[in-house]
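Survey of secondary and tertiary structure
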Amino acid sequence: MSRGAAAGPKGKKKGTSFTIDCAKPVEDKIMDIASLEKFLQERIKVGGKAGALGDSVNVTRDKSRINVSSDSNFSKRYLKYLTKKYLKKHNVRDWLRVIASNKDRSVYELRYFNIAENEGEEEE
């Protein structure tokens, strides 16, 4: 009676899918979503090599969203790191931040910093 065989095959990695929602900056024409998609395709590392996505990672876009799906384990934190790196490269990191969505945890949103709140506190 083997318990290990009943649990399923070990070493199998599940596929993951993440989304970056860029609706607000794209509407305001602050950033180009095609350039973010290209940046991710060039910079995502698979097997220690950047840009060699192969069949394991897919980067697609539709309107104002970028979908990153992977057959192997893929870190959500790594996607956030690359998105922040892109924002810094295009000098919009001071106005935009990358936040996990409240509704769906596999979605990152690009939002503006709340500057109006900070100005109200300084006046008092």
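Higher on the page you've got the structure.
Let's talk about the overall build of the protein
Along the backbone of the protein there are five helices and seven strands. Counted from the first residue to the last, the protein has its helices and strands arranged as α-β-α-α-β-β-β-β-α-β-β-α. Scored against the burial criterion, the 124 residues of the protein give a buried share of 30%. Sequence-distant contacts in the protein: of pairs separated by 6 or more residues, those separated by 24 or more amount to 56%.

Some thoughts on the packing of helix H3 (residues 33-43) against helix H4 (residues 76-89)
Close contact between H3 and H4 brings their axes to 10 Å; oriented N to C, the two are set at 125°. With respect to each other, H3 and H4 are oriented oblique. Two packed elements cross with a definite hand, and for H3 against H4 that hand is right-handed. Along the contact surface, H3 presents Ser35, Leu36, Phe39, Leu40 and Arg43, while H4 presents Tyr78, Leu79, Leu82, Lys85, Tyr86 and Lys89. Grouping the amino acids of the contact of H3 with H4 by side-chain chemistry returns seven nonpolar, one polar and three charged.

Scoring rules and cut-offs
Residues numbered from 1 in each chain as written. Predicted model: local features only at pLDDT ≥ 70, side-chain atom pairs only at ≥ 80, totals over all residues. Heavy atoms only, no water. Helix = DSSP H or I, 4+ residues; strand = E, 2+ residues; numbered from the N terminus. Buried < 20%, exposed > 50% of the residue type's maximum accessible area, 1.4 Å probe, protein only. Contact = heavy atoms within 4.5 Å. Axes fitted to C-alpha atoms, helices over the stretch in contact; angles between N-to-C directions. Parallel < 35°, antiparallel > 145°, perpendicular 65-115°, else oblique. Left-handed = near helix turned anticlockwise from the far one by under 90°. Nonpolar A, V, L, I, M, F, W, Y, C, P; charged D, E, K, R; others polar.

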